[in-house]
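# Coordinates in review
So you can see what is in the structure, the chains are spelled out below.
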Amino acid sequence: MKPNDKKIWNIIGQDEDRWRKKKKRSEDFQTVDAVIDLYTAKQLSQLQEKGFLGSITGTIASGKESGVFLAELGPEGEKNCEALSLSSPIVVKIFRTSTLNFKQIIHYIDGDRRFQKYSKKTHHIINLWVEKEYSNLHRSSLAEINVPKPILVKKNILLMELLGKDGVPYPLLRYTPDAVTKSTLTQILDQTKQLFQRANLVHADLSPFNILMGDGTPYFIDMSQSVLFSHPKALEFLKRDLRNIISFFSMRGIEVPDESEIFDEITRDYPDRDLIIQ
Ligand SMILES: Nc1ncnc2c1ncn2[C@@H]1O[C@H](COP(=O)(O)OP(=O)(O)O)[C@@H](O)[C@H]1O
Ligand SMILES: [Mg+2]
């Protein structure tokens, strides 16, 4: 189902205009705690004032470049999420503006037709990076790939579906030894194929650290770096993804298929790059 993102964007846009007009003070951007600086806190409170977000109820993960939290939707958020068949709790992913590796992320933005002209200003690149994850998750969920449905993006904040049961997030494949089976491998390779063929995307950071396991089903997460298959390095990234997954299963004694055969199967009908219309 198509998320009702336009409406959300419009309402948030009004807020952003108001914020832009205000004089920003440098202390607003200083990091107060590990993840939430004052600027981010302001974005969060605007989401709360507009009723999209309720309270943040817990921390799921706190990494170098992002913090991932459990949260309640606000009343307006609940209304908008009905169309997505989503309800509380949800996930709030906050990108840390001070530690994102710009040199690294530019490789995944340059060459993507969706982002041909962009400002090189630091905060614009961060916003683009977050929008890119939103766009990739949106595209993937429309193609019925197992990913969290994105709800909305605001500056360095992304709201999305919680992948979990009874409010508890699913575990990572890396920490779910029971899930390291032939069936899981087959499903991951099939999802990678569907991602390429139906959503025209390559994950580009596929690993047991970016796959959640829920009741025997693998879910892909963490898609800021995912690229369209027309990206000049898309096939190189796909090969690396396949190698990461296949070697993980192979090292744990699972019988694995030949990497190049899988690559050929996925890309067999790959159209001429120049004919791809996005
Ligand atoms: N939608 C989600 N549902 C449940 N857990 C999630 C979700 N998104 C992220 N997580 C958890 O948060 C962690 C970090 O998220 P991820 O998107 O991989 O960010 P990073 O870029 O910091 O690796 C993941 O390893 C996973 O445990
Ligand atoms: Mg990750």
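What counts, and at which threshold
- Once a new chain begins, its residue numbering starts again from 1 and follows that chain's sequence as written.
- By the order in which they are written, chains take letters starting at A while ligands take numbers starting at 1.
- For this predicted model, a pLDDT threshold of at least 70 governs which residues receive local features, and a threshold of 80 or more governs which side-chain atom pairs are given and counted, while totals over whole chains, interfaces and linings are taken from all residues.
- As a rule here, side-chain values come from all non-hydrogen atoms in the structure, and water together with hydrogens is ignored.
- Only strands joined by at least two bridges in the DSSP assignment are considered to pair.
- Strands are runs of DSSP state E lasting at least two residues, helices are runs of H or I lasting at least four, and both sets are numbered from the N terminus onward.
- Geometry is summarised by axes, namely lines fitted to C-alpha atoms with helices restricted to the contacting stretch, and by angles between N-to-C directions that run from 0 to 180 degrees.
- Contact definition: two residues touch when any of their heavy atoms are within 4.5 Å.
- The donor set comprises N, O and S atoms within 2.8 Å of the metal, extended to 3.2 Å for Na, K and Ca; water molecules are omitted, so apparent gaps in a site may simply reflect that omission.
- Residue exposure (1.4 Å probe, protein chains only): buried if accessible area is under 20% of the type maximum, exposed if over 50%, otherwise partly exposed.
- The definition of a nonpolar core used throughout is a set of buried Ala, Val, Leu, Ile, Met, Phe, Trp, Tyr and Cys residues joined through side-chain atoms within 4.5 Å.
- The salt bridge criterion pairs a side-chain nitrogen of Lys or Arg with a carboxyl oxygen of Asp or Glu, the two atoms within 4 Å.

Let us now look at the sheet that holds strand β1 (residues 53-62). As summarised here, the arrangement of the five strands in space is β1-β2-β3-β5-β4, forming an open sheet in which the pairing is antiparallel. Either end of the sheet is taken by a strand with one partner, and the two such strands are β1 and β4 (150-154). Averaged over all neighbouring strand pairs, the angle between strand axes comes to 25°, with direction disregarded. Sheet topology places strand β3 (residues 90-95) next to strand β5 (residues 157-161); five bridges connect them, and they run antiparallel. Bridging from a neighbouring strand, I94 pairs with I157 of β5. Most of the contacts of helix α2 (residues 38-49) go to β1, to which it runs at about 140°, and overall it touches β1, β3, β4 and β5.

We now examine the coordination of the magnesium ion (ligand 2). Protein-derived coordination of the magnesium ion (ligand 2) comes from N210 (OD1) and D222 (OD), at a distance range of 2.2 Å. On the criterion of sequence distance, the pair formed by N210 in the loop between β8 (201-202) and β9 (211-214) and D222 in the loop between β10 (217-220) and β11 (227-228) is long-range, its members being 12 residues apart. Taking relative accessible area as the criterion, N210 reaches 6% and is therefore assigned buried.

Grouped together as the largest cluster of nonpolar side chains are 56 residues, with contacts concentrated most on L158, L173, I188, I245 and F249. Once residues lying within four places of it in the same chain are set aside, the contact partners of F249 are L173, A179, V180, T181, T184, L185, I188, I254 and V256.

Under the counting rule described, the total for this entry stands at seven salt bridges. With a shortest N-O distance of 2.8 Å, D112 and R114 are connected by a salt bridge. Taken together, the shared-partner salt bridges connect K93, E133 and D222 into one network.

Note that all results are geometric; they support no functional claim without further evidence.
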